[in-house]
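Observations on the model geometry
The primary structure of each chain is shown beneath.
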Amino acid sequence: MARVHGRRRRRVVVGLAAVAAMAGGAGLGIHAFASSADEQGQSAQAFRGDTDEVVRGDLEGSTTAQGTLRFADPRPVQSARGGVVTGLPDAGSVVRPGGRLYAVDNVPVFLLRGTVPAWRDLAAGMSDGPDVRQLEENLRTLGYLDVEPDETFDWYTTAAIMDWQEANDLERTGKLPLGSVLFSAGGVRVGTLTASVGSQVGPGAELFEATGTSQVVSMDLGLDDQQLAVIGNPVTVRLPGGRETSGTITSAGTPTEAEDATGQRKTVIPVVVALDSAKEAKAFQEASVTVDIPSERREDVLSVPVGALIAITPDQFGVEVVGADGATRQVPVTTGLFAGGRVEISGDDVEAGQRVVVPQR
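These figures come from a predicted structure and were not determined experimentally. (Residues numbered from 1 in each chain as written. Predicted model: local features only at pLDDT ≥ 70, side-chain atom pairs only at ≥ 80, totals over all residues. Heavy atoms only, no water.)

**Observations concerning the pairing of strand E14 (residues 215-222)**
- Bridge count between strand E4 (residues 55-71) and E14: five bridges; the pairing is antiparallel. Bridge pairing in E14 places Phe71 opposite Gln215.
- Note: E14 against strand E18 (residues 265-275), seven bridges, orientation antiparallel. Note on E18: the bridge partner recorded for Ser218 is Val272. (Pairing = 2+ DSSP bridges. Helix = DSSP H or I, 4+ residues; strand = E, 2+ residues; numbered from the N terminus.)

Structure, rendered in structure tokens:
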């Protein structure tokens, strides 16, 4: 590449293997082209080519992994009873707590909020338990219970159920047989329907696929990067079309064997990332994404674009500083972290704000 310094000067590629090795160690795949030194160390006339600035600040490296964006917590919804399917939600719709999920023999099943699965009839005379508290918390949230929820099924519970049943055009029995309600941690997004209205089903038959309403990214990290799989670590998710959104690692599983794209078996760490905001990803039901995970950080350091590095000797890197008068001089530097197209530098004769020569854009 030719560059004008009042006269033409030949820039040669040296030290490329060393730079590539350092950049590759940071997971960035950066290639830097260095130049030979001018015999006198400066230009005869003012430099008029491209320059960039020596910047002081934080520099952060990252490791890139491929992941899949999808809705969280996939699971099948099964019929609690046998009979004829008389009602199903639309694929892609969202059912909130308090809403109807499906109906068999014209008996609707409702979604309620909770983490304890329904496992017995909810009726007067039952023993105390967390499932009773969970039911009462729903009845209070829906506006049918005025007292503080507890684990005892009493008259207040019966009366609240009767009022709820009346509001939903159900018989006022004051009890909920097993299968009348389905508890979920939150709303349910309906996926592919596996049954249709009119189908004859038995207890446990799958009716449709469902997920949570929030989106997550699932990815696998190699064993060499397992130190990055820390719950709470921030990441950047790059979506199709070039948009980016932030996320946080919410789970990191135990090492497991998986098959890569070439069919080779390898040990990986399954990691799940929750998005900090659903806005950027709401257009996608499922998509391949790239995740940048911070791997190393330097605070309050000097850095320049990687292309600004030159090779003063086979063992010494430097930068070409442009002075106030436009003359250039080569300054030796020690390199540190490579990240985001920049490289950390240090040396006695470099400081923030200096202009350095970079390859022509």
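**Re the nonpolar core**
- Val217, Leu221, Val237, Val271, Val273 and Val291 are the most contacted members of the largest nonpolar core, which totals 19 residues.
- Excluding anything up to four places from it in sequence, Val217 contacts Gly67, Thr68, Leu69, Val237, Val271, Val272, Val273, Leu275, Val289 and Val291. (Core = buried A, V, L, I, M, F, W, Y, C linked by side-chain atoms within 4.5 Å. Buried < 20%, exposed > 50% of the residue type's maximum accessible area, 1.4 Å probe, protein only. Contact = heavy atoms within 4.5 Å.)

**Overview of the sheet that holds strand E5 (residues 75-78)**
- Taken together, the four strands give an open sheet; going across it, the order is E5-E13-E11-E7, and neighbouring strands pair in antiparallel fashion. Every other strand in the sheet has two partners, leaving E5 and strand E7 (94-95) as the edge strands with one partner each.
- As defined by bridge partners, E5 adjoins strand E13 (residues 206-211) across four bridges and the pair is classed as antiparallel. Residue Gln78 lies in a different strand from E13, and its bridge partner there is Glu206.

**Comments concerning the packing of aromatic side chains**
- Per the counting criterion, the structure on display carries one aromatic pair.
- A ring pair is formed by Phe110 and Trp164, whose centres lie 4.9 Å apart and whose planes are at 70 degrees; its orientation type is edge-to-face. Taken as a pair, Phe110 in strand E9 (residues 107-113) and Trp164 in helix H3 (residues 155-167) lie far apart in primary sequence, 54 residues in all.
- Cation over ring: Arg189 sits above Phe71, and NZ or CZ is 4.2 Å from the ring centre. (Phe/Tyr/Trp six-rings, centres within 6.5 Å; stacked < 30°, edge-to-face > 60°. Lys NZ or Arg CZ within 6 Å of the ring centre and 35° of its normal.)

**Considering the packing of helix H2 (residues 130-141) against H3**
- Their axes nearest at 10 Å, the elements H2 and H3 cross at an angle of 50 degrees. Relative to H3, H2 is oriented oblique. Relative to H3, the crossing made by H2 is left-handed. Side by side, H2 and H3 meet where Leu135, Glu136 and Leu139 of the first sit next to Thr157, Ala160, Ile161 and Trp164 of the second.
- Its residues placed into classes, the contact of H2 with H3 shows five nonpolar, one polar and one charged. (Axes fitted to C-alpha atoms, helices over the stretch in contact; angles between N-to-C directions. Parallel < 35°, antiparallel > 145°, perpendicular 65-115°, else oblique. Left-handed = near helix turned anticlockwise from the far one by under 90°. Nonpolar A, V, L, I, M, F, W, Y, C, P; charged D, E, K, R; others polar.)

**Observations concerning the confidence of the model for the protein chain**
- Within the protein chain, residue pLDDT values average 87, and 88% of them lie at 70 or more.
- Every residue in residues 1-43 is under pLDDT 50, and counting partners more than four places away or in other chains gives 92 contacts. (pLDDT = per-residue confidence, 0-100.)

**Brief notes about the side chain of Gln165**
- Structurally, Gln165 is set in helix H3.
- With sequence-adjacent residues up to four places away left out, Gln165 is seen in contact with Leu170, Glu171, Arg172, Thr173, Gly174, Lys175 and Leu176.

**A few points about H3**
- If you check H3, its first and last C-alpha atoms are 19 Å apart, about what 13 residues at 1.5 Å a residue would give, namely 18 Å.
- Among all positions in H3, only Thr157, Thr158, Ala160, Ile161, Met162, Trp164 and Gln165 are buried.
- Check the buried side of H3 and you find it contacts E9, H2 and strand E10 (181-184).
- Looking one or two places after H3, you find Asp169, whose phi comes out positive at around 60 degrees. (Expected span 1.5 Å × (residues − 1).)

**Some words on the sheet that holds strand E6 (residues 83-87)**
- Reading across the sheet, the five strands line up as E10-E9-E8-E6-E12 and stay open at both edges, with mixed pairing between neighbours. Each having just a single partner strand, E10 and strand E12 (200-201) make up the two edges of the open sheet.
- Where E6 and strand E8 (residues 100-104) come together, two bridges link them in antiparallel fashion. Paired with Val85 across the bridge in E8 is Val104.
- Sheet strands touched by H2: E9 and E10. Its angle to E9, the strand with the most contacts, is close to 95 degrees.

**Remarks on H2**
- A rise of 1.5 Å per residue sets the reference length of H2, with its twelve residues, at 16 Å; its end C-alpha atoms lie 17 Å apart and thus fit the reference within 8%.
- Taken residue by residue, H2 has Asp131, Val132, Gln134, Leu135, Glu136, Asn138 and Leu139 as its buried positions.
- Tucked into the core, H2 has its buried residues touching E9, H3 and E10.

**A word on the pattern of salt bridges**
- What the rule picks out here adds up to 16 salt bridges.
- The partner of Glu344 in a salt bridge is Arg298, and the shortest N-O contact between them spans 3.2 Å. Here Glu344 is found in strand E24 (residues 342-346), whereas its partner Arg298 is found in strand E19 (residues 287-305), with 46 residues between them in sequence.
- The partly exposed category is assigned to Arg298, whose relative accessible area is 28%.
- The network of salt bridges with common partners includes Asp58, Glu60, Arg297 and Glu299. (Salt bridge = Lys/Arg side-chain N within 4 Å of Asp/Glu carboxyl O.)

**Describing the environment of Glu320**
- Checked against the element boundaries, Glu320 lands in strand E21 (residues 316-322).
- When its relative accessible area of 2% is taken as the criterion, Glu320 is described as buried.
- The sequence separation of Glu320 and Val356 amounts to 36 residues, and the corresponding C-alpha distance is 5.4 Å.
- Reaching out from Glu320, the side chain makes a polar contact with the side chain of Thr328 at a distance of 3.5 Å. (Polar contact = N/O pair within 3.5 Å; in protein donor to acceptor, adjacent residues only side chain to side chain.)

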